[in-house]
Amino acid sequence: MPRDRVKLVCTSCGEENYHTDKNKKLHPDKMEVKKYCPSERKYTVHKEKK
Ligand SMILES: [Zn+2]
């Protein structure tokens, strides 16, 4: 199964804090997850970016 590598970008400061693999056929929608942002030292919403 082909998997795509996506970046998760902090919507607050724009840092690319995480990378993840995702199958776009199973999850065609853009991911939006709450994750820890090290540069802000708090949990923020991270959005998928190509
Ligand atoms: Zn941030």
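Residues numbered from 1 in each chain as written. Predicted model: local features only at pLDDT ≥ 70, side-chain atom pairs only at ≥ 80, totals over all residues.

Participant: I tried to follow the pairing of strand β4 (residues 42–49) on my own but got confused; where do I start?
Facilitator: Bridge count for strand β1 (residues 4–10) against β4 is four bridges, and the pairing is antiparallel. Bridge pairing links Leu8 to Glu48 in β4. Alignment of strand β3 (residues 32–37) against β4, held across six bridges, turns out to be antiparallel. Directly across from Tyr36, in β4, lies its bridge partner Tyr43. (Pairing = 2+ DSSP bridges. Helix = DSSP H or I, 4+ residues; strand = E, 2+ residues; numbered from the N terminus.)

Participant: What's the story with unusual backbone geometry in this structure? I'm lost.
Facilitator: Generally, phi is negative for residues other than glycine and the peptide bonds are trans, each holding for most cases. Look at Arg41: it is not a glycine, yet its phi comes out positive at around 60°. Summarising the element assignment, Arg41 is placed in the loop between β3 and β4.

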